[in-house]
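Chain and residue survey
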Amino acid sequence: MKKILSIVLAGTLMLSALAGCSGGGETKPASGTTAATTAGEQKEETTAATTASQEESQAPADGTAITVAAIETAYGSDVWKQVCEAFTAQTGIQVDLITDKNLEDVIGPSMQAGDYPDVIHLATGREKALTETFIKDQNIVDITDVLSMTVPGEEKKVSDKIAGGFTETSLTNPYGDGKTYLAPMFYSPCGLFYNAGLFEEKGWTVPTTWDEMWELGEKAKAENISLFTYPTTGYFDAFFYALMYSVGGADFFDQATTYAEGIWDTPEAKTCFDIVAKLATYTEPTTPAQANDDEFTKNQQLVLDNKALFMPNGTWIVGEMANAPRAEGFKWGMTALPAVTAGGDRYSYTWFEQAWIPGGAEHQAEAKQFIAFLYSDKACEIFASAINEKGEPSPAIQPVLNIAEKLDGDNQMFYAIYDNGAKAAMGNFAAFDSGIVGQSNREVWFDPVNSLVGGTMTEQEWIDGIKTASDLMRENLIK
């Protein structure tokens, strides 16, 4: 389910973003070892990628070791150990690896003390918004030159490996200055996931328009099945971005995500708000109480138990719920968002994680080599063969050319969504000075969905909050 700032200058913001952190600082592992932090514990393992003689001959003369901090998600942590070992074998640069499911809590205290990892893999859109904090504070390194670097161990440049469009979006170029600051990682088509077996059993057709969706909602309600659920409100980013594209195309999306004056008073905006508000009335009532980083799998389980039909998600869901119980005959299905009108465009948001270099990183040149290596055939092969902590395949797919040809099973279906009529949506909200605005995009646009479902906020109250915050965001855009 990545990525994209002077911590001293943003101390108050960081303390807020890292609320709930453990009080202890992070102990940096010794050079020449790969340390994996899992569930709050640090484990040190000697890097086995090279023999002692190889390390001696290949390692930089000064014994440089870089620190890589990676969020542990459904892909597990073992793939990161393997990639770090392969990088060391290729370049001689040692890697101290930190992985944790709550990475912000692990590296936050050390960074506040001025000790930064050299590379951080942590996506935007997480509840603690650490990557957004670094972006907004402009404490993130320009890695445009990485695109022209030759991939370690290969002859191709990084730009020759990455699929088109991934380095031309606000998710990687957040300041609109033509430069890349975050490296795209682990892409996943996003859409509405459902139990295809249930649809076959009931003789239901997957909706292609929102009118058909509401009709299905009534059919499902008659059988005590909710039309919709969501893991957390954070999953509405991909949903809302695709919705904006389907309602108003790229022009509306670009204006909306840069907070253009008056954009939220347009018919296109009203259509988006109305769809989300109506969908809230069809959402399984227990969803908001479980829509947090600790209990989100309970909402995902609603689809596996045939208690809800659709949920927004990404391809990682298969690995994440691999060992979860499920209804008899369950089969994963995935569809793009319905069109607003019959024959209209349908969109599937391409979500991807990000890797980046914090401004305080000590070994930035070596860190850029590591990022370049992430697009090597070797690294892509390791990521694609990921096994999660339950021993189930959970491939992490890098956004490199022709990678889909090597996939099979459910992933072949998921990644073929753009071959079956759906259009790809990419991008996100532009960065702004959060110290002035005081709220994140998630808090303004997506978190209120919990209140819409619970009936404690009206659609107009939601819209009013968006318009007020959007005006502040426009006035304080980071250039």
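Here, every reference points to the structure presented above.
So, a few notes on the structure that sits alongside this text. (Residues numbered from 1 in each chain as written. Predicted model: local features only at pLDDT ≥ 70, side-chain atom pairs only at ≥ 80, totals over all residues. Heavy atoms only, no water.)

Observations concerning helix H14 (residues 364-373)
- Burial analysis of H14 places seven of its ten residues in the buried class, which makes it a mostly covered element.
- By the burial criterion, the buried members of H14 are Glu 366, Ala 367, Lys 368, Phe 370, Ile 371, Ala 372 and Phe 373. (Buried < 20%, exposed > 50% of the residue type's maximum accessible area, 1.4 Å probe, protein only. Helix = DSSP H or I, 4+ residues; strand = E, 2+ residues; numbered from the N terminus.)

A look at helix H20 (residues 459-475)
- With 17 residues, H20 extends 25 Å from end C-alpha to end C-alpha; this agrees with the ideal 24 Å at 1.5 Å per step.
- Looking only at H20, the buried set comprises Trp 462, Ile 463, Ile 466, Ala 469, Ser 470 and Met 473. Taken around the axis of H20, the buried residues stretch over an arc of 140 degrees, which confines them to a single face. Exposed and facing more than 90 degrees away from the buried side of H20 are Thr 468 and Glu 475.
- Looking at the buried residues of H20, the elements they touch are helix H9 (236-257), helix H10 (267-281), helix H17 (434-437), helix H18 (441-446) and helix H19 (448-454). (Expected span 1.5 Å × (residues − 1). Arc of directions from axis to C-beta. Contact = heavy atoms within 4.5 Å.)

Details of the environment of Val 453
- Its location among the elements puts Val 453 in helix H19.
- Residues Val 453 and Ala 280 lie 173 residues apart in sequence; the distance between their C-alpha atoms is 4.8 Å.
- Once residues within four sequence positions are removed from consideration, Val 453 is found in contact with Tyr 230, Ala 280, Thr 283 and Pro 288.

Quick look at the side chain of Ser 440
- Looking at the element boundaries, Ser 440 is found in the loop between H17 and H18.
- Judged by relative accessible area, Ser 440 falls into the buried class, the value being 16%.
- For Ser 440, the residues in contact, after removing those within four places along its chain, are Lys 136, Phe 432 and Met 473.

Notes on the packing of aromatic side chains
- Scanning all chains against the criterion turns up 43 aromatic pairs.
- With 5.0 Å between their ring centres and 70 degrees between their planes, Tyr 230 and Phe 236 make a pair best called edge-to-face.
- Residue class for Phe 236 comes out buried when judged on its relative accessible area of 3%.
- Between Tyr 259 and Trp 445, the ring centres sit 6.2 Å apart and the planes meet at 40 degrees, which makes this aromatic pair tilted. With a gap of 186 residues between them, Tyr 259 in the loop between H9 and H10 and Trp 445 in helix H18 connect regions that are remote in the sequence.
- You can call Tyr 259 buried: its relative accessible area is 0%.
- Given the relative accessible area of 0%, Trp 445 is considered buried.
- The residue whose ring lies beneath Lys 136 is Phe 432, and the NZ or CZ to ring-centre distance is 4.7 Å. (Phe/Tyr/Trp six-rings, centres within 6.5 Å; stacked < 30°, edge-to-face > 60°. Lys NZ or Arg CZ within 6 Å of the ring centre and 35° of its normal.)

Focus: unusual backbone geometry
- Positive phi outside glycine occurs at Ala 129, with the angle close to 55 degrees.
- Locating Ala 129 in the fold gives a position in the loop between strand E5 (119-121) and helix H5 (130-136).
- According to the relative accessible area criterion, Ala 129 is buried, its value standing at 17%.
- The phi dihedral of Gln 138 is positive, around 55 degrees, even though this residue is not glycine.

Some points on the pattern of salt bridges
- Counted under the stated rule, the structure contains 15 salt bridges.
- Where Glu 218 meets Lys 221, a salt bridge forms, and the shortest distance between an N and an O atom there is 3.6 Å. Taken as a pair, Glu 218 and Lys 221 lie in helix H8 (residues 210-221) at a separation of three residues, close to a single helical turn.
- Between Arg 474 and Asp 471 there is a salt bridge; the shortest N-O distance is 3.0 Å. In this pair, Arg 474 and Asp 471 are both assigned in helix H20, three residues apart and thus about one turn of the helix distant.
- In this structure Arg 474 comes out as partly exposed when scored by relative accessible area, which is 23%. (Salt bridge = Lys/Arg side-chain N within 4 Å of Asp/Glu carboxyl O.)

Side note on the environment of Thr 468
- With respect to the helices and strands, the residue Thr 468 is situated in helix H20.
- For Thr 468, a relative accessible area of 55% corresponds to the exposed category.
- C-alpha separation for the pair Thr 468 and Val 444, spaced 24 residues apart in sequence, amounts to 9.6 Å.

Some words on the environment of Asp 78
- By the element assignment, Asp 78 lies in helix H3 (residues 78-91).
- As a C-alpha pair, Asp 78 and Glu 389 span 311 residues in sequence and 8.8 Å in three-dimensional space.

Function cannot be read off these values alone, since they describe shape.
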